[in-house]
Each structure stands twice: as C-alpha cells, then as structure tokens.
Amino acid sequence: MVAETNPSNQSFVVRIPEDHYQEMLAHVIDGYPNEACGALGALNGTVVKHYPTRNAAEHPDDFSIISESDIVHIFNDIDAYDGEMIYYHSHPISEAYPSVRDREWAQRSGYLYVIFSLQYRPEPPYARVFRINAHGEVTEGHIERIPVA
Ligand SMILES: [Zn+2]
C-alpha cells in the first residue's frame, strides 16, 4: 500500500466543499469588525455541514464563543450523523493563527480549529486549520477546497 502523499507537507487535511467555504467567507465578512464564529460537521475529514452562529463573547471584537444553547443544538445534529465537530472563527486584524486564549480553549475542547484572517482587507479573508493538543501544542493541517459541480 502506498502512503497518502501530502503535497504541502502538513500533517492532516480538511476538505471543504466550495459552497460551504463561500458561506463561511460571507459569515466572517459579515461579522467584521468583530470576530465571527461557527461550526462545521465533518465525516472522515470532509465537511458535510456548516453551522454559522452568532458570537456570544462579552467582547466580540477580541474573542469568539458559541453560546451554550447553539452548541447543544449543533452537537445533537452532528451526533445524528456521527460526524466530527470543527470550530471556526475569524481574526479581524491579526493573522490566522491560534491566539494564547484560543490555545487554552482548544486544548480543553479538542476540536480542530479553522481560523480566518481579515488582516489583508480588502483582499479576501484567508483560512488555515490547526490541531491543538492537550498540552497546547499547535499542528497545522491543510485546507483543501473541493469544487462543487
Ligand atoms: Zn482566535
């Protein structure tokens, strides 16, 4: 068996169908100048559903949190198809990399983190994906955008 090659030499791949990716872009642009957030449901590394949510953080220009009630609804929905939850949010002015606070939250939740940055506005936001382990160590993966027929 031939090992799966990873052209970008990154450790894992998240495939996002282009229609979902465009919805996520619209959601983070709409949230500007605040951080915007939401979740994705994935099966075997491929995103199958997009859940845009409001940002429930006390200071939404500085952090993002999905409200408890939204999270419960999303969990139940993803559970129904045995999917994996991915958390995504935007950084309005800073790079697409987990902040100290992001790492603290992520090491508790264990979710993959997709982070958009709007730092190069009016250029379109760009996105990166990260796995953050229980020690707060960050590993970057690769986002593959899948064309939709
Ligand atoms: Zn962040």
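Keep in mind the model is a prediction, meaning the values are calculated, not measured. (Residues numbered from 1 in each chain as written. Predicted model: local features only at pLDDT ≥ 70, side-chain atom pairs only at ≥ 80, totals over all residues. Heavy atoms only, no water.)

As a further point, take the overall build of the chain. Of regular secondary structure, the chain possesses three helices and eight strands. Each helix and strand of the chain, ordered N terminal to C terminal, gives the series β-α-β-β-α-β-α-β-β-β-β. What you see for the chain is a C-alpha radius of gyration of 15 Å, in line with the 15 Å of a compact globule of 149 residues. Overall, the chain is about 50 × 40 × 35 Å in size when its C-alpha atoms are taken along their principal axes. The buried share of the chain, taken over its 149 residues, is 41%. Relative to all contacts within the chain whose residues are 6 or more apart in sequence, the contacts with residues 24 or more apart total 63%. Carbon and sulfur atoms provide 50% of the accessible area of the chain, an area that totals close to 8400 Å². (Helix = DSSP H or I, 4+ residues; strand = E, 2+ residues; numbered from the N terminus. Rg over C-alpha atoms; globule rule 2.2 N^0.38 Å. Buried < 20%, exposed > 50% of the residue type's maximum accessible area, 1.4 Å probe, protein only. Contact = heavy atoms within 4.5 Å. Areas by Shrake-Rupley, 256 points an atom, 1.4 Å probe, with all protein chains shown as cover.)

Further remarks concern the side chain of T53. Following the sequence through the fold, T53 ends up in strand β3 (residues 46-53). Residue T53 is classed as buried on the basis of its relative accessible area, which comes to 10%. The contacts of T53, once residues within four sequence positions are left out, are H27, C37, G38, I66, D70 and I74.

Under the feature "domain: JAB" (unreviewed entry), the UniProt entry names residues 17-121. For residues 17-121, helix accounts for 35% and strand for 29%, while the C-alpha atoms at its two ends are 24 Å apart. (UniProt positions renumbered as here; feature names shortened; annotations may be inferred.)

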